[in-house]
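Residues per chain, in single letters:
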Amino acid sequence: MTSATLSRPSLDDVYLRRSGRSLTAVVGVGVTVLTAVLPALIFAALSNAVALLTRQQATLIAISQFTTLPLMFLSSAVMDLHLAPSWVGRFAAYNPVEWAVVAARRAMLVHADWSTVRTRLGLLAVAVLVMGFLAIRAFRAYRKST
């Protein structure tokens, strides 16, 4: 065997490969954190709007549980959608929790599907804006009534 067939990668090659992987991992972790923050903002805006409109703690808790738990269980966060009934998969397509789960999972892959990640993050961002707008409207209605 010649030295050409036994050549080892240079230190620069090894560093570039490792730094590429670590950069992908850092971006993946950042996207995962973002996919946790965006749904939290959605639910915080919903909670604020409901609290300002109903002004009752029991109603707020009931509505929060009525929305949060089904969204969680009707996503792939708990069970693979291939194992669930087909209607769960159809519902999950419009579920912000599912958008966050898909974006986080795809971002953490070695060969991440960035178009899917961008799409899901975009949907979450639009949902944050819509819910923020509704929370602001609820605050204005509250202010007018007091």
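Higher on the page you've got the structure.
Each chain has its residues counted from 1, running along the sequence as written. Given that this is a predicted model, residues contribute local features only at a pLDDT of at least 70 and side-chain atom pairs are listed and counted only at 80 or more, while totals for whole chains, interfaces and linings are drawn from all residues. For side-chain calculations, the full set of non-hydrogen atoms in the structure is used, while hydrogens and water are omitted.

J.: Would you take a moment to explain the pattern of salt bridges for this structure?
T.: Close approach of charged atoms allows side chains with opposite charge to pair. Salt bridges are identified by distance alone: a Lys or Arg side-chain nitrogen within 4 Å of an Asp or Glu carboxyl oxygen. Throughout the structure, instances matching the rule amount to 1 salt bridge. Two residues, Arg106 and Asp113, come together in a salt bridge whose shortest N-O distance is 3.4 Å. Its relative accessible area of 28% is what places Asp113 among the partly exposed residues. Throughout, exposure labels follow a simple rule: accessible area from a 1.4 Å probe, protein chains only, divided by the maximum for the residue type, with under 20% read as buried, over 50% as exposed, and the rest as partly exposed.

J.: Looking at this model, I keep getting lost on the layout of surface pockets. Mind explaining?
T.: A probe matching the size of a water molecule, rolled over the atoms, marks out where space remains unfilled. By volume, the largest pocket amounts to about 250 Å³. If you go around the largest pocket, you meet 13 residues; those closest to its centre are Ser76, Leu81, Glu98, Val102 and Arg106. Elements are defined by DSSP. Helices are runs of H or I of four residues or more, strands are runs of E of two residues or more, and each kind is numbered from the N terminus. Going through the elements one at a time, α3 (86-92) and α4 (96-107) are the ones with two or more residues in the lining of the largest pocket. At 5 residues, α4 tops the list of elements feeding residues into the lining of the largest pocket. Space inside and on the surface of the protein is sampled on a 1 Å grid over the protein atoms alone, with a cavity defined as a set of points where a 1.4 Å probe fits but cannot get out and a pocket as an open set with protein on both sides within 12 Å along at least 5 of 7 lines; lining residues have an atom within 4 Å of a point. Grid points are joined across faces, edges and corners, and a volume is the space filled by probe spheres set on the points.

J.: Explain the environment of Thr35 here, please?
T.: Mapped onto the elements of the fold, Thr35 is located in helix α1 (residues 11-54). A relative accessible area of 6% means that Thr35 is categorised as buried. Here the alpha-carbon distance between Thr35 and Ala100, two residues 65 residues apart in the chain, equals 5.0 Å. Setting aside residues no more than four positions away along its own chain, Thr35 makes contact with Ala100, Ala103, Ala104 and Leu121. Between N or O atoms, a polar contact is any pair within 3.5 Å; within protein, one atom must be a potential hydrogen donor and the other a potential acceptor, and residues adjacent in sequence are included only when both atoms are from side chains. For Thr35, the side chain forms a polar contact with the main-chain oxygen of Thr32, separated by 2.7 Å. Here a residue-residue contact requires only that any non-hydrogen atoms of the pair lie within 4.5 Å.

J.: I'm lost on the packing of α4 against helix α5 (residues 114-145) in this one. Help?
T.: Each pair of packed helices can be described by the angle between their axes along with the distance between the axes. Under this scheme, a helix contributes an axis fitted over its contacting stretch, all axes are lines through C-alpha atoms, and angles between N-to-C directions fall in the 0 to 180 degree range. α5 packs onto α4 with a crossing angle of 150° between their chain directions and a minimal axis gap of 9 Å. For α4 against α5, the interelement crossing comes out left-handed. Within the contact between the two elements, α4 uses Pro96, Trp99, Ala100, Val102, Ala103, Arg106 and Ala107 and α5 uses Trp114, Thr116, Val117, Arg120, Leu121, Leu123, Leu124 and Ala127. Just so you know the grouping, Ala, Val, Leu, Ile, Met, Phe, Trp, Tyr, Cys and Pro go in nonpolar, Asp, Glu, Lys and Arg go in charged, and all remaining residues, Gly too, go in polar. Here the contact of α4 with α5 is built from residues that sort into 12 nonpolar, 1 polar and 2 charged. For any helix crossing, the convention is left-handed if the near helix is rotated counterclockwise from the far helix by under a right angle, and right-handed if that rotation is clockwise.

J.: It is not clear to me how the side chain of Thr116 should be interpreted in this structure. Could you clarify?
T.: For Thr116, the position within the fold is in helix α5. Assessed through its relative accessible area of 12%, Thr116 is described here as buried. Setting aside residues up to four positions removed in sequence, Thr116 forms contacts with Val102 and Arg106.

J.: Just to check I follow, could you spell out α4 for this structure?
T.: Given 3.6 residues to a turn, an α-helix orients residues that are three or four positions apart in the same direction. Between its first and last C-alpha atoms α4 spans 16 Å; for 12 residues at 1.5 Å apiece the expected length is 16 Å, and the two agree. Most of α4 is tucked away, with 10 of its 12 residues classed as buried. Of the residues making up α4, those classed as buried are Pro96, Val97, Glu98, Trp99, Ala100, Val101, Val102, Ala103, Ala104 and Ala107. The opening residue of α4, the one whose side-chain oxygen lies 2.9 Å from the backbone nitrogen of Val97, is Asn95. The span one expects for a helix is its residue count, reduced by one, times 1.5 Å.

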